[in-house]
Amino acid sequence: RLADITRRFTGDNARTTVEQNILLRWIHEADLPALYQALREINLHAAGAQSIVDVTACPGTDTCKLGIASSRGLAGELRNRLAEKNLQYDEAVRDIRIKASGCFNSCSQHTVAEIGFFGSSRNVKGFRVPHFQLVLGGEWDNNAAHYGQTFGAIPSKRVPEVVDHLLNLYMRDRQNGEKFREYIARRGKKEIKEEIAPFTTVPSYNEDRSYYADWADAREFTIGDIGVGECAGEVVSLTDFGIALAEGLHFDAQVAIEKTTDQASVDTAAGLALDAMVSAAQALIKVQDIDISNDPDVILQEFRTRFYDTELFFDPFAKGKFAHYLFNAYKHRNDPKTLDIALRLIEETGLFIEASHACNDRLQAAQLSEPVNPFKNLVSRKVTAVKA
Ligand code: SF4
(Lines give C-alpha, C1' and ligand atoms only; values in the text may rest on other atoms or scores of the structure.)
Protein backbone atom coordinates (compact mmCIF):
# COMPACT_ATOMS: atom_id res chain seq x y z
CA ARG A 1 0.00 0.00 0.00
CA LEU A 2 2.91 2.33 0.62
CA ALA A 3 4.17 1.60 -2.88
CA ASP A 4 0.74 2.53 -4.26
CA ILE A 5 0.78 5.79 -2.28
CA THR A 6 4.29 6.53 -3.47
CA ARG A 7 3.32 5.99 -7.13
CA ARG A 8 0.23 8.13 -6.70
CA PHE A 9 1.98 11.14 -5.18
CA THR A 10 5.60 11.08 -6.35
CA GLY A 11 5.58 9.28 -9.66
CA ASP A 12 7.47 6.15 -8.58
CA ASN A 13 10.24 7.72 -6.57
CA ALA A 14 11.14 7.12 -2.90
CA ARG A 15 14.35 7.05 -0.93
CA THR A 16 15.33 5.15 2.19
CA THR A 17 17.37 7.07 4.79
CA VAL A 18 20.08 5.99 7.22
CA GLU A 19 17.69 6.80 10.06
CA GLN A 20 15.28 4.12 8.85
CA ASN A 21 12.76 6.47 7.27
CA ILE A 22 11.26 6.57 3.78
CA LEU A 23 11.59 9.93 2.11
CA LEU A 24 8.98 11.01 -0.44
CA ARG A 25 10.19 13.93 -2.53
CA TRP A 26 8.60 16.52 -4.78
CA ILE A 27 5.10 16.31 -3.31
CA HIS A 28 2.86 19.08 -4.65
CA GLU A 29 1.75 21.30 -1.79
CA ALA A 30 -1.89 20.88 -2.79
CA ASP A 31 -1.52 17.09 -2.38
CA LEU A 32 -0.29 17.22 1.22
CA PRO A 33 -3.71 16.77 2.93
CA ALA A 34 -4.54 13.78 0.70
CA LEU A 35 -1.09 12.28 1.25
CA TYR A 36 -1.45 12.68 5.01
CA GLN A 37 -4.84 10.96 4.89
CA ALA A 38 -3.44 8.10 2.80
CA LEU A 39 -0.52 7.61 5.21
CA ARG A 40 -2.89 7.76 8.14
CA GLU A 41 -4.83 4.83 6.74
CA ILE A 42 -1.72 2.66 6.89
CA ASN A 43 -0.57 4.07 10.24
CA LEU A 44 2.53 5.81 8.87
CA HIS A 45 1.40 9.34 9.61
CA ALA A 46 3.01 9.90 13.02
CA ALA A 47 4.86 13.18 13.46
CA GLY A 48 8.45 13.48 14.71
CA ALA A 49 10.63 12.00 11.96
CA GLN A 50 14.25 13.07 12.40
CA SER A 51 13.69 14.14 16.00
CA ILE A 52 14.14 12.71 19.49
CA VAL A 53 11.02 10.53 19.18
CA ASP A 54 12.38 8.93 16.00
CA VAL A 55 14.51 6.38 17.88
CA THR A 56 16.69 4.26 15.59
CA ALA A 57 17.14 0.57 16.48
CA CYS A 58 18.82 -2.42 14.89
CA PRO A 59 16.92 -5.76 14.79
CA GLY A 60 18.58 -6.85 18.06
CA THR A 61 17.31 -10.02 19.69
CA ASP A 62 14.17 -10.04 17.53
CA THR A 63 15.99 -11.57 14.60
CA CYS A 64 19.76 -11.10 14.95
CA LYS A 65 21.77 -14.03 16.31
CA LEU A 66 24.31 -11.64 17.78
CA GLY A 67 21.76 -9.57 19.67
CA ILE A 68 22.14 -9.53 23.45
CA ALA A 69 19.28 -7.22 24.43
CA SER A 70 16.07 -6.10 22.76
CA SER A 71 17.01 -2.88 21.00
CA ARG A 72 13.70 -2.74 19.12
CA GLY A 73 11.76 -3.30 22.32
CA LEU A 74 13.67 -0.52 24.05
CA ALA A 75 13.25 1.83 21.08
CA GLY A 76 9.48 1.25 21.04
CA GLU A 77 9.21 1.96 24.76
CA LEU A 78 11.29 5.14 24.50
CA ARG A 79 9.34 6.31 21.46
CA ASN A 80 6.01 5.94 23.27
CA ARG A 81 7.22 7.76 26.38
CA LEU A 82 8.97 10.56 24.48
CA ALA A 83 5.97 11.12 22.19
CA GLU A 84 3.83 11.85 25.26
CA LYS A 85 6.19 14.66 26.25
CA ASN A 86 7.26 15.85 22.82
CA LEU A 87 5.21 19.01 22.94
CA GLN A 88 6.97 20.06 26.17
CA TYR A 89 10.37 19.88 24.50
CA ASP A 90 11.99 22.83 22.77
CA GLU A 91 13.94 22.58 19.53
CA ALA A 92 17.29 21.76 21.18
CA VAL A 93 15.77 18.72 22.90
CA ARG A 94 13.79 17.64 19.86
CA ASP A 95 17.04 17.67 17.84
CA ILE A 96 18.66 15.06 20.12
CA ARG A 97 19.05 11.64 18.47
CA ILE A 98 18.65 8.36 20.36
CA LYS A 99 19.89 5.10 18.83
CA ALA A 100 19.90 1.59 20.27
CA SER A 101 21.85 -1.49 19.12
CA GLY A 102 21.39 -5.04 20.37
CA CYS A 103 25.14 -5.50 20.79
CA PHE A 104 28.40 -3.58 20.46
CA ASN A 105 28.40 -3.87 16.67
CA SER A 106 26.63 -0.53 16.35
CA CYS A 107 24.26 -1.34 13.51
CA SER A 108 21.97 1.45 14.77
CA GLN A 109 24.97 3.81 14.74
CA HIS A 110 24.67 4.40 18.50
CA THR A 111 28.25 5.68 18.63
CA VAL A 112 27.27 8.90 16.85
CA ALA A 113 24.01 9.53 18.70
CA GLU A 114 23.75 12.15 21.44
CA ILE A 115 22.23 9.33 23.52
CA GLY A 116 23.16 5.81 22.43
CA PHE A 117 22.74 2.32 23.83
CA PHE A 118 24.12 -1.11 23.08
CA GLY A 119 22.95 -4.36 24.60
CA SER A 120 24.80 -6.31 27.25
CA SER A 121 23.88 -8.56 30.14
CA ARG A 122 24.90 -8.81 33.77
CA ASN A 123 24.66 -11.52 36.36
CA VAL A 124 22.68 -10.58 39.44
CA LYS A 125 23.00 -13.33 42.01
CA GLY A 126 22.94 -16.03 39.41
CA PHE A 127 20.28 -14.53 37.15
CA ARG A 128 20.99 -12.84 33.87
CA VAL A 129 19.57 -9.35 33.62
CA PRO A 130 19.31 -7.48 30.31
CA HIS A 131 21.30 -4.26 30.35
CA PHE A 132 22.25 -1.51 27.92
CA GLN A 133 25.57 0.27 27.92
CA LEU A 134 24.96 4.01 27.85
CA VAL A 135 26.92 6.02 25.27
CA LEU A 136 26.72 9.82 25.52
CA GLY A 137 28.07 12.75 23.58
CA GLY A 138 28.13 11.52 19.99
CA GLU A 139 27.37 13.96 17.22
CA TRP A 140 24.99 12.95 14.48
CA ASP A 141 25.25 16.30 12.65
CA ASN A 142 28.31 17.51 10.77
CA ASN A 143 28.79 14.14 9.11
CA ALA A 144 28.93 12.36 12.47
CA ALA A 145 31.79 14.49 13.74
CA HIS A 146 32.14 13.00 17.24
CA TYR A 147 31.94 9.55 18.79
CA GLY A 148 30.25 9.20 22.15
CA GLN A 149 31.82 7.66 25.25
CA THR A 150 30.45 4.84 27.37
CA PHE A 151 29.09 5.66 30.84
CA GLY A 152 28.39 2.17 32.17
CA ALA A 153 25.66 -0.45 32.01
CA ILE A 154 22.03 0.37 32.87
CA PRO A 155 19.42 -2.32 33.55
CA SER A 156 17.13 -2.39 30.49
CA LYS A 157 14.04 -1.57 32.48
CA ARG A 158 15.65 1.54 33.96
CA VAL A 159 16.79 3.03 30.65
CA PRO A 160 13.67 5.22 30.20
CA GLU A 161 14.25 6.70 33.69
CA VAL A 162 17.84 7.52 32.73
CA VAL A 163 16.77 9.19 29.49
CA ASP A 164 14.18 11.22 31.38
CA HIS A 165 16.71 12.24 34.03
CA LEU A 166 19.33 13.28 31.47
CA LEU A 167 16.82 15.37 29.51
CA ASN A 168 15.60 17.05 32.69
CA LEU A 169 19.17 17.86 33.72
CA TYR A 170 19.93 19.27 30.30
CA MET A 171 16.79 21.43 30.20
CA ARG A 172 17.47 22.72 33.72
CA ASP A 173 21.23 23.36 33.59
CA ARG A 174 22.24 24.12 29.99
CA GLN A 175 23.93 27.44 29.30
CA ASN A 176 23.34 29.89 26.45
CA GLY A 177 22.27 27.67 23.60
CA GLU A 178 24.50 24.83 24.72
CA LYS A 179 23.85 21.63 22.76
CA PHE A 180 23.35 18.32 24.55
CA ARG A 181 26.79 17.05 23.55
CA GLU A 182 28.39 20.25 24.82
CA TYR A 183 26.45 20.00 28.07
CA ILE A 184 27.70 16.44 28.65
CA ALA A 185 31.29 17.51 27.90
CA ARG A 186 31.05 20.50 30.29
CA ARG A 187 29.64 18.46 33.17
CA GLY A 188 32.31 15.80 32.61
CA LYS A 189 32.27 12.07 32.83
CA LYS A 190 32.63 11.86 36.60
CA GLU A 191 29.66 14.08 37.39
CA ILE A 192 27.39 12.54 34.78
CA LYS A 193 28.28 9.07 35.99
CA GLU A 194 27.30 10.10 39.53
CA GLU A 195 23.95 11.34 38.18
CA ILE A 196 23.35 7.96 36.57
CA ALA A 197 24.55 5.78 39.46
CA PRO A 198 21.14 5.62 41.26
CA PHE A 199 19.64 4.00 38.15
CA THR A 200 22.12 1.13 37.94
CA THR A 201 20.71 -1.00 40.75
CA VAL A 202 18.53 -4.06 40.16
CA PRO A 203 15.99 -5.34 42.72
CA SER A 204 16.29 -9.01 43.64
CA TYR A 205 14.53 -11.61 41.56
CA ASN A 206 11.88 -12.08 44.25
CA GLU A 207 11.31 -8.35 44.71
CA ASP A 208 10.64 -7.49 41.05
CA ARG A 209 10.89 -10.07 38.29
CA SER A 210 10.14 -7.55 35.56
CA TYR A 211 13.82 -6.55 35.60
CA TYR A 212 14.71 -10.10 34.59
CA ALA A 213 12.78 -9.88 31.31
CA ASP A 214 13.56 -7.74 28.32
CA TRP A 215 11.36 -5.13 26.67
CA ALA A 216 8.59 -6.53 24.46
CA ASP A 217 9.43 -10.06 25.54
CA ALA A 218 7.37 -11.73 28.23
CA ARG A 219 9.91 -14.52 28.74
CA GLU A 220 12.32 -14.23 31.62
CA PHE A 221 15.74 -13.36 30.33
CA THR A 222 17.45 -16.06 32.37
CA ILE A 223 15.03 -18.97 32.64
CA GLY A 224 16.15 -20.79 29.52
CA ASP A 225 19.82 -20.48 30.42
CA ILE A 226 20.07 -21.24 34.10
CA GLY A 227 16.83 -22.82 35.21
CA VAL A 228 14.20 -21.58 37.64
CA GLY A 229 15.31 -21.19 41.22
CA GLU A 230 18.93 -22.11 40.56
CA CYS A 231 20.27 -19.13 42.46
CA ALA A 232 24.04 -18.71 42.86
CA GLY A 233 23.63 -17.46 46.43
CA GLU A 234 23.39 -14.13 48.18
CA VAL A 235 26.98 -13.06 47.70
CA VAL A 236 28.62 -11.38 44.76
CA SER A 237 31.27 -13.70 43.36
CA LEU A 238 34.96 -12.81 43.32
CA THR A 239 34.71 -12.73 39.55
CA ASP A 240 31.90 -10.17 39.66
CA PHE A 241 33.95 -8.09 42.09
CA GLY A 242 37.01 -8.32 39.85
CA ILE A 243 35.13 -7.24 36.74
CA ALA A 244 33.55 -4.37 38.69
CA LEU A 245 37.06 -3.34 39.74
CA ALA A 246 38.09 -3.43 36.07
CA GLU A 247 35.16 -1.18 35.19
CA GLY A 248 36.29 1.29 37.85
CA LEU A 249 39.82 1.37 36.43
CA HIS A 250 38.43 1.79 32.93
CA PHE A 251 36.38 4.73 34.15
CA ASP A 252 39.43 6.28 35.87
CA ALA A 253 41.38 5.94 32.61
CA GLN A 254 38.74 7.98 30.81
CA VAL A 255 38.66 10.63 33.54
CA ALA A 256 42.47 10.93 33.43
CA ILE A 257 42.39 12.51 29.95
CA GLU A 258 39.04 14.18 30.13
CA LYS A 259 40.28 17.65 31.06
CA THR A 260 44.01 17.54 30.38
CA THR A 261 45.88 15.66 27.68
CA ASP A 262 49.51 16.29 28.65
CA GLN A 263 51.94 13.38 28.41
CA ALA A 264 51.62 12.45 32.08
CA SER A 265 47.81 12.20 31.80
CA VAL A 266 48.08 10.17 28.59
CA ASP A 267 50.52 7.73 30.24
CA THR A 268 48.26 7.44 33.29
CA ALA A 269 45.21 6.75 31.13
CA ALA A 270 47.03 4.10 29.06
CA GLY A 271 48.36 2.43 32.22
CA LEU A 272 44.92 2.36 33.86
CA ALA A 273 43.35 0.91 30.71
CA LEU A 274 45.85 -1.95 30.67
CA ASP A 275 45.37 -2.49 34.43
CA ALA A 276 41.62 -2.73 33.81
CA MET A 277 42.05 -5.44 31.17
CA VAL A 278 44.47 -7.41 33.37
CA SER A 279 42.03 -7.09 36.28
CA ALA A 280 39.14 -8.43 34.18
CA ALA A 281 41.30 -11.33 32.96
CA GLN A 282 42.32 -12.16 36.55
CA ALA A 283 38.66 -12.06 37.60
CA LEU A 284 37.77 -14.67 34.99
CA ILE A 285 40.66 -16.92 36.02
CA LYS A 286 39.27 -16.86 39.58
CA VAL A 287 36.33 -18.93 38.36
CA GLN A 288 38.83 -21.77 37.97
CA ASP A 289 41.69 -20.85 40.31
CA ILE A 290 40.76 -18.70 43.27
CA ASP A 291 44.44 -18.33 44.23
CA ILE A 292 45.59 -16.83 40.95
CA SER A 293 48.64 -14.63 41.45
CA ASN A 294 48.51 -10.83 41.20
CA ASP A 295 51.58 -10.92 38.95
CA PRO A 296 50.48 -9.63 35.50
CA ASP A 297 52.92 -12.03 33.75
CA VAL A 298 51.25 -14.99 35.44
CA ILE A 299 47.77 -13.62 34.76
CA LEU A 300 48.55 -13.19 31.05
CA GLN A 301 49.99 -16.69 30.78
CA GLU A 302 47.08 -18.27 32.65
CA PHE A 303 44.50 -16.29 30.70
CA ARG A 304 46.04 -17.44 27.42
CA THR A 305 46.12 -21.08 28.53
CA ARG A 306 42.69 -21.26 30.15
CA PHE A 307 40.61 -18.86 28.09
CA TYR A 308 42.28 -18.25 24.73
CA ASP A 309 43.74 -21.66 23.84
CA THR A 310 40.48 -23.32 24.94
CA GLU A 311 38.42 -20.62 23.10
CA LEU A 312 36.31 -20.11 26.25
CA PHE A 313 36.76 -16.36 25.86
CA PHE A 314 35.87 -16.35 22.17
CA ASP A 315 33.00 -14.17 21.09
CA PRO A 316 30.61 -16.01 18.72
CA PHE A 317 31.11 -13.28 16.13
CA ALA A 318 34.49 -11.67 16.84
CA LYS A 319 36.20 -14.91 17.96
CA GLY A 320 39.51 -14.12 19.72
CA LYS A 321 39.61 -10.43 18.77
CA PHE A 322 39.03 -9.07 22.28
CA ALA A 323 41.70 -11.31 23.82
CA HIS A 324 44.18 -9.88 21.33
CA TYR A 325 43.40 -6.40 22.67
CA LEU A 326 44.87 -7.57 25.99
CA PHE A 327 47.80 -9.45 24.46
CA ASN A 328 48.80 -6.48 22.26
CA ALA A 329 48.39 -3.90 25.02
CA TYR A 330 50.56 -5.99 27.32
CA LYS A 331 53.18 -6.67 24.66
CA HIS A 332 53.53 -2.94 23.94
CA ARG A 333 53.09 -1.77 27.53
CA ASN A 334 56.46 -0.02 27.64
CA ASP A 335 56.19 1.68 24.23
CA PRO A 336 55.70 5.49 24.18
CA LYS A 337 52.02 6.48 24.17
CA THR A 338 50.25 9.21 22.23
CA LEU A 339 46.76 10.52 22.97
CA ASP A 340 45.37 8.52 20.02
CA ILE A 341 46.92 5.33 21.36
CA ALA A 342 45.51 5.97 24.84
CA LEU A 343 42.03 6.61 23.41
CA ARG A 344 42.22 3.40 21.38
CA LEU A 345 43.34 1.45 24.46
CA ILE A 346 40.42 2.85 26.44
CA GLU A 347 38.00 1.88 23.68
CA GLU A 348 39.46 -1.63 23.46
CA THR A 349 39.38 -1.98 27.23
CA GLY A 350 35.64 -1.25 27.26
CA LEU A 351 35.09 -4.03 24.70
CA PHE A 352 37.39 -6.41 26.59
CA ILE A 353 35.39 -5.86 29.78
CA GLU A 354 32.14 -6.43 27.90
CA ALA A 355 33.59 -9.69 26.51
CA SER A 356 34.59 -10.65 30.07
CA HIS A 357 31.02 -10.16 31.26
CA ALA A 358 29.75 -12.27 28.36
CA CYS A 359 32.32 -14.99 29.11
CA ASN A 360 31.38 -14.94 32.80
CA ASP A 361 27.72 -15.32 31.82
CA ARG A 362 28.57 -18.36 29.70
CA LEU A 363 30.63 -19.90 32.50
CA GLN A 364 27.86 -19.42 35.05
CA ALA A 365 25.17 -20.70 32.72
CA ALA A 366 27.22 -23.82 31.97
CA GLN A 367 27.93 -24.47 35.63
CA LEU A 368 24.34 -23.91 36.75
CA SER A 369 22.65 -25.92 34.03
CA GLU A 370 25.16 -28.75 33.79
CA PRO A 371 25.71 -31.11 36.73
CA VAL A 372 29.19 -31.76 35.35
CA ASN A 373 31.71 -28.94 35.72
CA PRO A 374 32.89 -28.31 32.13
CA PHE A 375 36.22 -27.01 33.43
CA LYS A 376 37.08 -29.84 35.80
CA ASN A 377 40.14 -30.78 33.77
CA LEU A 378 41.44 -27.26 33.88
CA VAL A 379 40.95 -26.46 37.54
CA SER A 380 43.99 -28.32 38.73
CA ARG A 381 46.27 -26.92 36.04
CA LYS A 382 49.36 -25.35 37.58
CA VAL A 383 51.51 -22.60 36.19
CA THR A 384 54.62 -24.29 34.89
CA ALA A 385 56.26 -21.50 32.97
CA VAL A 386 56.15 -17.78 33.49
CA LYS A 387 57.67 -15.48 30.95
CA ALA A 388 59.78 -12.68 32.32
S1 SF4 B 1 24.17 -4.25 16.42
FE2 SF4 B 1 24.43 -6.40 16.99
S3 SF4 B 1 22.34 -7.10 17.43
FE4 SF4 B 1 22.14 -5.24 16.24
S5 SF4 B 1 21.94 -5.97 14.11
FE6 SF4 B 1 24.09 -5.45 14.50
S7 SF4 B 1 25.04 -7.39 15.04
FE8 SF4 B 1 22.81 -7.64 15.29
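Residues numbered from 1 in each chain as written. Predicted model: local features only at pLDDT ≥ 70, side-chain atom pairs only at ≥ 80, totals over all residues. Heavy atoms only, no water.

### Here's the deal with the overall build of the protein chain
Summing up its helical and strand segments, the protein chain has 14 helices and seven strands in all. Rg of the C-alpha trace for the protein chain: 23 Å, near the compact-globule value of 21 Å for 388 residues, within the 12% margin. If you line up the protein chain on its principal axes, its C-alpha atoms span 80 × 50 × 40 Å. Long-range pairs, those at least 24 residues apart, make up 62% of the contacts in the protein chain between residues at least 6 apart in sequence. Carbon and sulfur atoms provide 50% of the accessible area of the protein chain, an area that totals close to 19800 Å². Both charge centroids of the protein chain, one from 45 positive and one from 54 negative side chains, sit 3 Å from each other. (Helix = DSSP H or I, 4+ residues; strand = E, 2+ residues; numbered from the N terminus. Rg over C-alpha atoms; globule rule 2.2 N^0.38 Å. Contact = heavy atoms within 4.5 Å. Areas by Shrake-Rupley, 256 points an atom, 1.4 Å probe, with all protein chains shown as cover. Lys, Arg positive; Asp, Glu negative; His and termini not counted. Charge placed at Lys NZ, Arg CZ, Asp CG, Glu CD.)

### Quick notes on the environment of Thr268
Among the structural elements, Thr268 can be located in helix α10 (residues 263–285). For Thr268, a relative accessible area of 41% translates into the label partly exposed. For the pair Thr268 and Pro203, spaced 65 residues apart in sequence, the C-alpha separation works out to 36 Å. (Buried < 20%, exposed > 50% of the residue type's maximum accessible area, 1.4 Å probe, protein only.)

### As for the site of the ligand
Close to the ligand lie Cys58, Pro59, Gly60, Cys64, Leu66, Gly67, Ser101, Gly102, Cys103, Asn105, Ser106 and Cys107, which account for all nearby residues. The class makeup of the residues in the shell around the ligand is six nonpolar, six polar and no charged. (Near = heavy atom within 4 Å. Nonpolar A, V, L, I, M, F, W, Y, C, P; charged D, E, K, R; others polar.)

### A closer look at unusual backbone geometry
Trans is the prevailing form of peptide bonds, just as negative phi is the prevailing case for residues other than glycine. Of note in the backbone geometry, Trp26 takes a positive phi value of approximately 60 degrees without being a glycine. Relative to the helices and strands, Trp26 resides in the loop between β2 (22–24) and α2 (32–41). Here the phi dihedral of Asn142 falls at roughly 50 degrees; this positive angle occurs in a residue that is not glycine. With respect to the element layout, Asn142 can be found in helix α5 (residues 141–144). Since its relative accessible area comes to 57%, Asn142 is described here as exposed.

### Concerning the pairing of strand β7 (residues 149–155)
Across the seven residues that make up β7, a large majority, five, are buried. Sheet topology note: the strand β6 (residues 127–136)/β7 ladder contains five bridges and is antiparallel. From the neighbouring strand, Val135 faces β7, where its bridge partner is Thr150. (Pairing = 2+ DSSP bridges.)

### Thoughts on the pattern of salt bridges
Under the counting rule described, the total for this entry stands at 23 salt bridges. Linking Arg97 and Glu19 is a salt bridge whose minimum nitrogen-to-oxygen distance equals 2.7 Å. Here the residue Arg97 occupies a position in the loop between α4 (91–94) and β4 (98–101), and Glu19 occupies one in the loop between β1 (14–16) and β2, the gap between them amounting to 78 residues. Judged by its relative accessible area of 4%, Glu19 falls in the buried class. Lys190 is the salt-bridge partner of Glu194, the closest N and O atoms lying 3.5 Å from each other. Taken together, the residues span about one helical turn, with Glu194 and Lys190 both in helix α7 (residues 180–196) at a distance of four residues. With relative accessibility at 47%, the residue Lys190 sits in the partly exposed group. (Salt bridge = Lys/Arg side-chain N within 4 Å of Asp/Glu carboxyl O.)

### Focus: the packing of aromatic side chains
Summed over all chains, the structure comprises 15 aromatic pairs. Note on Phe127 and Tyr212: the rings are 5.8 Å apart at their centroids and 80 degrees apart in plane angle, and the pair reads as edge-to-face. Separated by 85 residues along the polypeptide, Phe127 in strand β6 and Tyr212 in the loop between α7 and α8 (223–226) bring together distant segments of the chain. On the accessibility criterion, Tyr212 (0% relative accessible area) is buried. (Phe/Tyr/Trp six-rings, centres within 6.5 Å; stacked < 30°, edge-to-face > 60°.)

### Some remarks on the environment of Val278
Position of Val278 relative to the elements: it lies in helix α10. Among all residues touching Val278, those that are not within four sequence positions of it are Pro296, Ile299, Leu300 and Leu326.

### Some details on the sheet that holds strand β5 (residues 115–124)
Taken in spatial order, the five strands line up as β3-β4-β5-β6-β7 in an open sheet, and their pairing is mixed. This sheet does not close on itself; its edge strands, each paired only once, are β3 (56–57) and β7. In this sheet, β4 lies alongside β3 in parallel orientation, the contact comprising two bridges. Across the sheet, Thr56 pairs through a bridge with Lys99, a residue of β4. Strand contacts of helix α3 (residues 71–85): β3, β4, β5 and β6, with the helix running at about 160 degrees to β4, the strand carrying the most contacts. (Axes fitted to C-alpha atoms, helices over the stretch in contact; angles between N-to-C directions.)

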